[in-house]
Amino acid sequence: MTQRPNIDPAVLQQRKAYYDKIGGHKLAPLWEVLHGLVIKEPKSACQPAIWHYDEIRGFIMEAGSLITAKEAERRVLVLENPGMPGQSRITTALYAGLQLIMPGEVAPSHRHTQSALRFIVEGSGAYTAVDGEKTIMEEGDFVITPSWTWHDHGNETDKPMVWMDGLDIPIVQTLDCSFMERYPEDSQPLARPVGDALARYGSGLLPVDYEAATPTSPVFNYPYRRTREALETMRRSNEWDPCHGLKVQYVNPANGESAMPTIGTFMQLLPKGFAGERYRSSDATVFSVVEGEGYTLVGDGPEALRFDWRKRDTFVIPSWVPHRHHAPNSDAVIFSFSDRPVQKKLGLWRESRGNR
Ligand code: GTQ
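Here is a short report on the structure shown in this document. All values reported here derive from a predicted model rather than from experimental measurement.

A short note on the overall build of the protein chain
From N to C terminus, the protein chain includes eight helices and 23 strands. Against the compact-globule benchmark of 21 Å for 356 residues, the protein chain has a radius of gyration of 23 Å, which places it among compact chains. Expressed as lengths along the three principal axes of its C-alpha atoms, the size of the protein chain is roughly 75 × 50 × 50 Å. Sorting the 356 residues of the protein chain into buried and exposed places 48% on the buried side. Partitioning the contacts of the protein chain with sequence separation of at least 6, the portion at a separation of at least 24 is 76%. Carbon and sulfur atoms make up 54% of the accessible area of the protein chain, which totals about 18000 Å². The averaged location of the 45 negative side-chain charges in the protein chain is 6 Å from the averaged location of its 39 positive side-chain charges.

Next up, the structure:
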């Protein structure tokens, strides 16, 4: 807190002596820090940032010749928010990274209390196995590894595969509830055929006596093919949100809530020529461009940034920073994720549209 100028230096000295004295008793004066703790609106250490895939792809591939997936356990380049270097986070609450699996490799099985999402950026045909079931991953698929489920990844194709990992690592860190263990073998045994979970839980049907054991969706791969088709059908009604275009959220079919308890996941279509209105929300959001190109204006006035993006680029908008999406030259499809479900459950989430 900035000191008021008219305070007698002798008083300030007395206070300082007092602070030193109480400091020795594990006490501190709130009034010196109050206005940095309880602030008028979010002022995040998280900065807006963009990673252009064509600029970083070479670095990702280079990692493939420096270390194996087995040695690394997970061969990932962390998307480090430039406002929080060294903290392995892309927003204050969430982690993101780009994971590479080369042909023939296996990232060995483990489990942890952190929940993870995979969003497939490049390649096709590698798999993730989650608690006894494999799913084959294609570009644009959204795959979940729920908290405390065994998971390993493998690539039996002849091409490298890259996906974005999104995890709630900083949330789990704040709450000090990280647990993890390694499976005794690289790959876990499989109990069910590929596609079982999607058929069983993701077809508008549920097993008749189904009772959810966890808050995470039992569907663990939401294929892009289906999502894209749904967007394409919905666009025909021509109902566009002025800020988001056509935006959907991934849900857990067993309870209608977000597919993951700590991470909200979304897909949006911006039709060619879209010029979005100003929007902000209290959930810092990570965007991954699936199709097309465009730009996002970040902030207001002369300091506004312009993020030009295209397929496979990743960008992040911090909490409460106004932004506008534009797709002047092509349709664009963008995946995004944030900590919105956590904020909503706690009654904290806010958004505002237009010039508010
Ligand atoms: O695939 O399990 O990017 O545990 C970071 C931590 C991926 C994973 C990451 C992980 C994983």
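Observations regarding the site of the ligand
Close to the ligand lie Arg74, Val76, Tyr95, Gln99, His110, His112, Arg118, His151, His153, Asp165 and Leu167, which account for all nearby residues. With respect to the ligand, the side chain of Arg74 contributes an N or O atom lying 2.8 Å from an oxygen atom. The contact in question runs from an oxygen atom of the ligand to an N or O atom on the side chain of His112, over 2.9 Å. Starting from 290 Å² of accessible surface for the ligand in isolation, the protein chains cover 88%. Residue assignment for the shell around the ligand shows that the elements contributing at least two residues are strand 3 (95-101), strand 4 (106-112), strand 9 (151-154) and strand 10 (161-167).

Some remarks on the sheet that holds strand 14 (residues 264-270)
Pairing is antiparallel in the open sheet, where six strands are placed in the order 1-20-17-22-14-13. This sheet does not close on itself; its edge strands, each paired only once, are strand 1 (49-51) and strand 13 (246-249). The sheet shows a mean angle of 20° between the axes of neighbouring strands, taken without regard to direction. Relative to strand 20 (residues 314-317), strand 17 (residues 285-291) runs antiparallel, the two sharing four bridges. Along strand 20, the bridge assignment pairs Phe287 with Phe315. Against the sheet, helix 7 (residues 224-234) contacts strand 13, strand 14, strand 17 and strand 22 (332-338), and its axis sits at roughly 50° relative to strand 14.

A few points about the packing of aromatic side chains
Enumeration over the complete set of coordinates arrives at 14 aromatic pairs. Look at Phe142 and Tyr250: their rings are 4.6 Å apart centre to centre, the planes differ by 55°, and that puts the pair in the tilted class. Taken as a pair, Phe142 in strand 8 (residues 142-145) and Tyr250 in the loop between strand 13 and strand 14 lie far apart in primary sequence, 108 residues in all. Like Phe142, the residue Tyr250 is buried in the burial classification. Considering the side-chain rings of Phe142 and Phe335, the 5.8 Å spacing of their centres and the 40° angle between planes classify their relative orientation as tilted. Of this pair, Phe142 sits in strand 8 while Phe335 sits in strand 22, placing them 193 residues apart in sequence.

Brief notes about the environment of Gln14
By secondary structure assignment, the location of Gln14 is in helix 1 (residues 9-23). Linking Gln14 and Leu79, residues 65 residues apart in sequence, is a C-alpha distance of 47 Å.

Considering a nonpolar patch on the surface
Nonpolar side chains collect at one region of the surface, where Leu30, Val33, Leu37 and Val38 lie side by side and expose about 390 Å² of accessible area between them. Along the polypeptide, Leu37 turns up in helix 2 (residues 34-37).

Describing the pattern of salt bridges
Summed over the entire model, instances satisfying the criterion amount to 22 salt bridges. Note that Glu139 is salt-bridged to Lys311, the shortest N-O span being 3.3 Å. Here Lys311 lies in the loop between strand 19 (305-310) and strand 20 and Glu139 lies in the loop between strand 7 (133-136) and strand 8, a separation of 172 residues in the sequence. On the accessibility criterion, Glu139 (28% relative accessible area) is partly exposed. Close ionic contact of Arg312 with Glu139 constitutes a salt bridge, the shortest N to O distance being 2.8 Å. Taken together, the positions of Arg312 in the loop between strand 19 and strand 20 and Glu139 in the loop between strand 7 and strand 8 put the pair 173 residues apart, joining distant regions of the chain. A single network of salt bridges, built from pairs that share partners, joins Arg228, Glu232, Arg235, Glu291 and Asp331.

Observations regarding the side chain of Asp283
Within the fold, Asp283 resides in the loop between strand 16 (279-281) and strand 17. Overall, Asp283 belongs to the buried group, its relative accessible area being 1%. Within the local environment of Asp283, its side chain forms a polar contact with the side chain of Ser338, the two groups lying 2.6 Å apart. Residue contacts for Asp283: discarding those within four places in its chain leaves Ser338, Asp339, Arg340, Gln343 and Trp349.

Here is what the cut-offs are and how they apply
- Residues numbered from 1 in each chain as written.
- Predicted model: local features only at pLDDT ≥ 70, side-chain atom pairs only at ≥ 80, totals over all residues.
- Heavy atoms only, no water.
- Helix = DSSP H or I, 4+ residues; strand = E, 2+ residues; numbered from the N terminus.
- Rg over C-alpha atoms; globule rule 2.2 N^0.38 Å.
- Buried < 20%, exposed > 50% of the residue type's maximum accessible area, 1.4 Å probe, protein only.
- Contact = heavy atoms within 4.5 Å.
- Areas by Shrake-Rupley, 256 points an atom, 1.4 Å probe, with all protein chains shown as cover.
- Lys, Arg positive; Asp, Glu negative; His and termini not counted.
- Charge placed at Lys NZ, Arg CZ, Asp CG, Glu CD.
- Near = heavy atom within 4 Å.
- Polar contact = N/O pair within 3.5 Å; in protein donor to acceptor, adjacent residues only side chain to side chain.
- Pairing = 2+ DSSP bridges.
- Axes fitted to C-alpha atoms, helices over the stretch in contact; angles between N-to-C directions.
- Phe/Tyr/Trp six-rings, centres within 6.5 Å; stacked < 30°, edge-to-face > 60°.
- Patch = residues over 30% accessible without salt bridge, like charges linked within 9 Å, V, L, I, M, F, W, Y side chains within 5 Å.
- Salt bridge = Lys/Arg side-chain N within 4 Å of Asp/Glu carboxyl O.

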